[in-house]
Every structure is written in structure tokens, then in C-alpha cells.
Amino acid sequence: MSENNSGTVSLRAVCKNFRRGSEEIQVLHTLDFEVQAGEFVALMGPSGSGKSTLLNLIGGLDRPSSGTVEVSGEPIDRLSDSRLAGWRARHIGFVFQFYNLMPTLSADRNIDLPLLLTPLSKAQRREHVSTALSVVGMEHRAKHYPRQLSGGEQQRIGIARAIVTDPSLLLCDEPTGDLDRKSGDDILELLSALNREQGKTIIMVTHDPHAAAKASRVIYLNKGQLSTEPEE
Amino acid sequence: MKYLPIIWSNLGRKKIRTVLTLLSIAVAFILFGYLAAIEEALGQGVSIAGADRLIVRHKVSLIQLLPVSYHARIAQIDGVDRVGHSTWFGGIYQEPRNFFAQIAVEPDEFLALFPEFKLPAEQLENWQRTRTGAVVGKDTADRYGFKIGDRVPIQATIWQKKDGNEAWEFDIVGIYEGTKPGVDETQFLFRYDYFDEARLGGEGEVGWYTVKVGDPDRAEEIARQIDIQFANSPAETKAETEGAFVQGFAKQVGNIGAIMKAILSAVFFTILLVAGNTMAQTVRERVVEIGVLKSIGFTDTKILSLVLAESCLIALVGGGIGLSIALVLVSAGDPTGGGLPVFFFPTPKLIVGVGLALLLGLLTGFFPAVRAMRLQIAEALRRN
Ligand SMILES: Nc1ncnc2c1ncn2[C@@H]1O[C@H](COP(=O)(O)OP(=O)(O)O)[C@@H](O)[C@H]1O
Ligand SMILES: [Mg+2]
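Because the structure is a prediction, the values reported are computed rather than measured. (Residues numbered from 1 in each chain as written. Chains lettered and ligands numbered in written order. Predicted model: local features only at pLDDT ≥ 70, side-chain atom pairs only at ≥ 80, totals over all residues. Heavy atoms only, no water.)

**Student:** What exactly am I supposed to notice about the packing of helix 2 (residues 15–42) of chain B against helix 13 (residues 347–374) of chain B here?
**Tutor:** A pair of packed helices can be characterised by two numbers: the angle between their axes and the separation between those axes. All names here are of chain B. Taken N-terminus to C-terminus, the directions of helix 2 and helix 13 make an angle of 150 degrees; their axes are 10 Å apart at the nearest point. One finds that helix 2 runs roughly antiparallel with respect to helix 13. Our pair here, helix 2 against helix 13, has a crossing hand that is right-handed. Contacts between helix 2 and helix 13 involve Ile 25, Phe 29, Phe 32, Ala 36 and Glu 39 from the first element and Lys 349, Val 352, Gly 353, Leu 356, Ala 357 and Leu 360 from the second. Tallied by class, the residues present in the contact of helix 2 with helix 13 amount to eight nonpolar, one polar and two charged. (Axes fitted to C-alpha atoms, helices over the stretch in contact; angles between N-to-C directions. Helix = DSSP H or I, 4+ residues; strand = E, 2+ residues; numbered from the N terminus. Parallel < 35°, antiparallel > 145°, perpendicular 65-115°, else oblique. Left-handed = near helix turned anticlockwise from the far one by under 90°. Contact = heavy atoms within 4.5 Å. Nonpolar A, V, L, I, M, F, W, Y, C, P; charged D, E, K, R; others polar.)

Next up, the structure:
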């Protein structure tokens, strides 16, 4: 992460439409969005407003119908599918609402998954996994399977998986949406620490104003447009 | 292969389903292995028949005999290297169900014609010294506990003795082994000179000739020459290559090979559906997980290979279990107790079996793998 623009996000005139049967629905309208490196942005908005869709475009999980998406200076909408996959592996960490761990793999193997795509040796991978485990404070759960972990613990493993390749940008889709207040607060504290101490850029979708308050900036998505004020 | 633990762990996801799928694949391969052995046994020796050997028999049937004087006349034909004769004895050892072939031969000639029959030199010398000597294949020796030095009585069915005795007595002087798998190790061979002198009737007559030719490419032509030589004589001949002879013999058993292939095809088609269904379900249940792997950076082709590797692993494990059990069952011996003298699992068929398992894996994994590959990440994650 030597480039100084690593972790920046820049969307220009982005539109995203979905087909539903014969009708075309426009979810994002000519939207512009900038995030500086090292920011912690909370993205709010009513359900169905397109928050996940926006996050997917930034993370290269989906492509805009028109407009450009630049992340860390790279115009990712122009990459081929396989280049985009490689790019995601190197630059993005995803955290999901329902953790999405592989149920058949132990915690450490789940965290190891992104590393399989790198040329690292087995020993190096083990090193990275144990670092990630200690960052999220889960060393003692390395050999546990997801079903043996609480929601909060599973989310910590999910975060460890997201940061194990040391990406500059973390994209979190309602990371506390499935957790009780206490566990949710712990996860938010962990994300803040990653932002503060490791300089990760974080974009976090949330419904919860209390969670959004942890962010350095809150932005609202409504009727396909972004604004700094919640809609009435 | 660093992905193996992921693929392997997927098999443990629905253990009962995995076990049932493995079992059904294994059963198909047990059947495959066993039928392969039976098919090989029915086509006995076709694959090991010497391309340079001809069988010359009476034109009317194998039961009709030929004069021993043909020996010299065949030997004179251009291209013939060596000639030997054999005569079927068809006797009974203790009970009719104890079946093994007993054949009268000239020892030196016979061993020269059939180098795949291996007899230790001192046993051959012993045979040459012992008029009533017999040499027996290892399988038959093991089955009936024959040892060198034993005197074995064989009840005559075709050949009565001049002295009026019902039983012919032979002294076991040697035990032969095949030099490669597939060689019939059940035969009981004894000396023609003893047989010819002691039999009542049929003197100077033999069952069939075996002819070794110098150039296998000329085998057909030489066979024709032999038949021409004896045309219009009281005992006309039919000469053909050993392979053709054995095949003709196998056909008399009926086209069992074709029936077996039909059964196997049906079984494999069923297995294709069973394993294919398992793989299809597996991918359907894992849509979100596949989306997550892709979001992490797994490419579409990597996902395709992972699913294919999983289906191949299932097929190879199931097939491996089946083939191993088949090997054990086959090596336990001929199920008919003597009717199939050559009963073993031929190595080429084992390789075919492994290939078949791999093919099964690729076929059953193909559509699910393509489906997993095409899955759109955003779509997949919305299933959450
Ligand atoms: N793949 C898709 N196909 C069709 N419609 C979609 C698809 N993805 C999202 N949508 C629609 O786009 C809108 C925004 O969805 P989403 O981004 O998931 O909203 P949010 O995350 O803000 O709740 C919704 O109306 C949803 O139904
Ligand atoms: Mg959403």
C-alpha cells in the first residue's frame, strides 16, 4: 500500500439499473461519490434504497450501467472479470451482515481463504492468519467451527478474513445488523481501531444511528442520490 | 494442492448423502470389476494367445481326431517352425464337479510351443524319465493339494485302458506356473506315449495340432496351406490362429460379453444420475458461499475447477473403494469352482476403471460447475 491514493474511492455519474421482468428500475441516478484515504464513512438510507448496490459497485462485485468507478486510482469498471477478481483479492475486504463464513472450515481456515490466492508459502500464510486472529482478539478460537461461535465471534472472524491480505479499503454491509447491542459495539470498536490505528478506509452500511455515530462522516442514500442530510 | 482441505471438507457437509453417493458409485465399480474378470475369463486367453500360433483341428469338429502322421507333413510346410499335438482326455478326478482340463502332450514339444508355461528344468527331466508322469498347473495343484510325488487316479470317460482298468494313474512330477497373468494354471498335462500305448482304440490319433509359424504376418496364409495339404483326405483340417480359435470357442458360450456391457451401461447411467443429482444439489445449497468466495477474489475458472475437483474426488473415492473390493472378491477365486480356469482382474481393465471413475466425476460435475462459474456475485449474495 505504497501509493498515496490507496483506499480512495471516486464515483462519477454512476447509474445502476436492474431489469425486473420487462420493466427497468433505476436504483442509482447519476451519482457522484468521493471518499478520501483513511476515512470512515457510514452509509445510511431506507431499506431498498440501493446501499448494498452502491457498496457492490465500489467493491467490484457488480458493474455500473454507466459512469466510472475508481478505487485507489484504478478505474475498475474497465477491468475484465478475472482481472477484477484478482484486484478484489488484493485491495478489498468485505464484511457481511450474516458473516458468511464457510461452515465446513474452522475459523483459521476461513481466514486463510483469501491467502490461498496469493503466492505466500504455507508458513507465511499461517503467520498472517495468526496476526489477523490477534488483531480481532480471537486467537483462542482458531480451531473452532462457525457453529461453535457466537454471532459477535463469527463477525470477528469475518473481519479477520477481510483484513488478512491487508487491503486498504474495507466494505461492511450492516456488520452489526445481526448482533445485540453489546456485541455490535465491540465490532464497531474494532472497526474504529482498524481505521484509527491501521489507516484502513472504511465504508459501512448501517441502519443504526448509534453505529453511524462512530464514523467520521455520515452520508444518506435516498431515491438514488446521495446527500449529507437524512430525507424527511 | 492447497485447495484440497476445502474440497475435502465439503464432503463432510451432508455426511449421509455423501456416504450414500459413495456407496452407489462403489457398487457400480464392484460390478464393473467382477464382470471384467468374468469377461476376461470367457474370452480366456484371447488376449494372451500367441499371434504366431495356429491351431489345426478336424474340419468337422474338435471331437474328431487327426492322424499323428500329420505331424511330419505339417512340419514340412514352408514357414512352419514347430509342431506339437494335444489330445483331450476328459477324465474325472473323484467327482464330475472337480473340473480341470487333462491333456496328453509331448513334453518337450509342448513346452517349446508354450513358453508362457514355466516348468523348472529338473522337473522337466523328471517328466522325461517318468512315463506315467504328469505336470499340473499351480491353481489345480493348490485346489486339490497335489504335490510332486503324488499318484493321482483319473477316471476315464472317453479313453478306456487296454488292461480294463477304469482309472488311469498318473505320477505328479512337476507343477508349472504362468510367466504372466492370464496364463491358464489349471491344466493337467501327461505324456502322449504312455497314453497312446495304454489306451484301448484310437491308437495313432491326436486331438489337434499347435503350429508355431516364423512370421506372424504369414499366419493366415500358412493356415490355408495346411488345409490345402489335407483337402480331400479322410481327415480334412481346419487351421486358424490361436486367437481366432479361442474367440470362436468363447462365442459358443453365447454373447455374454455384450449382455454384460448392456448391464454395465445401465448401471453407469443410473450412477450418473445419482451422482449428478448430488452435485447439482451441492451447488444449489452453496450459492451464497460461492458468491462469498468470488467476492474474496476467487475467479470464475477457479470456482469451476473447485466444483469439478469435488465431483472427481467423490467419483474417484467411490470408484476406488469399488475397484478395491472387486479386486479382493476376484482374487478370492473363480465363482464357478473350476468353470473359469483363468480368473483374474486384468490390469488394463483396472486402468479403464479408474478412467471411468474420472469420466464419471467430470460428467456429473460439469453442469453444476458451469452453473457455479456463471453465478453473479451480487445475485448470489442477495440470497442471504
Ligand atoms: N440483482 C438485482 N436484480 C433486480 N433488482 C435488484 C437486484 N439487486 C438489487 N435490486 C433492487 O435494487 C434495489 C436496491 O437494493 P439494495 O441495494 O439491496 O438495497 P439496500 O441495500 O439499500 O436495502 C431494491 O429495490 C432491489 O430490489
Ligand atoms: Mg442491503
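**Student:** How should I be thinking about the interface of chain B and chain A in this particular structure?
**Tutor:** In many reports, interface size means the accessible area that the parts give up when they come together. On the side of chain A, 25 residues touch chain B, which itself brings 23 residues to the contact. For chain B, the biggest contributors to the area lost against chain A are Lys2(B), Ser295(B) and Ile296(B); these three give 26% of the whole. Where chain B touches chain A, the interface holds zero salt bridges. Linking chain B with chain A are six residue pairs in polar contact (both at pLDDT 80 or more). (Buried area = accessible area lost by both parts, 1.4 Å probe. Salt bridge = Lys/Arg side-chain N within 4 Å of Asp/Glu carboxyl O. Polar contact = N/O pair within 3.5 Å; in protein donor to acceptor, adjacent residues only side chain to side chain.)

**Student:** Would you take a moment to explain the site of ligand 1 for this structure?
**Tutor:** As a structural note, the neighbourhood of ligand 1 is formed by 13 residues, with Gly48(A), Lys51(A), Ser52(A), Thr53(A) and Arg382(B) the closest of them. One chain alone does not account for the residues near ligand 1; they come from chains A and B. In this structure, an oxygen atom belonging to ligand 1 sits 2.8 Å away from a main-chain N or O atom of Lys51(A). With respect to ligand 1, the side chain of Glu379(B) contributes an N or O atom lying 3.3 Å from a nitrogen atom. Within the complex, 80% of the 560 Å² of free accessible area of ligand 1 lies under protein. Counting residues per element, the ones that place at least two in the shell around ligand 1 are strand 1 (9–20) and helix 1 (51–58) of chain A together with helix 14 (377–382) of chain B. Here the shell around ligand 1 takes three residues from helix 1 of chain A, the largest share from any one element. (Near = heavy atom within 4 Å. Areas by Shrake-Rupley, 256 points an atom, 1.4 Å probe, with all protein chains shown as cover.)

**Student:** Would you take a moment to explain the sheet that holds strand 6 (residues 92–95) of chain A for this structure?
**Tutor:** Picture the strands of a sheet paired through backbone hydrogen bonds; they go either parallel or antiparallel. Residues and elements named next belong to chain A. Spatially, the six strands line up as an open sheet ordered 6-7-8-3-9-10, and their pairing is mixed. Looking at strand neighbours, the two that pair on one side only are strand 6 and strand 10 (225–227), the edges of this open sheet. Mean inter-strand twist for the sheet, computed between neighbouring axes without regard to direction, equals 20 degrees. With four bridges joining them, strand 6 and strand 7 (residues 169–173) adopt parallel strand pairing. Bridge pairing in strand 7 links Val 95 to Cys 172. (Pairing = 2+ DSSP bridges.)

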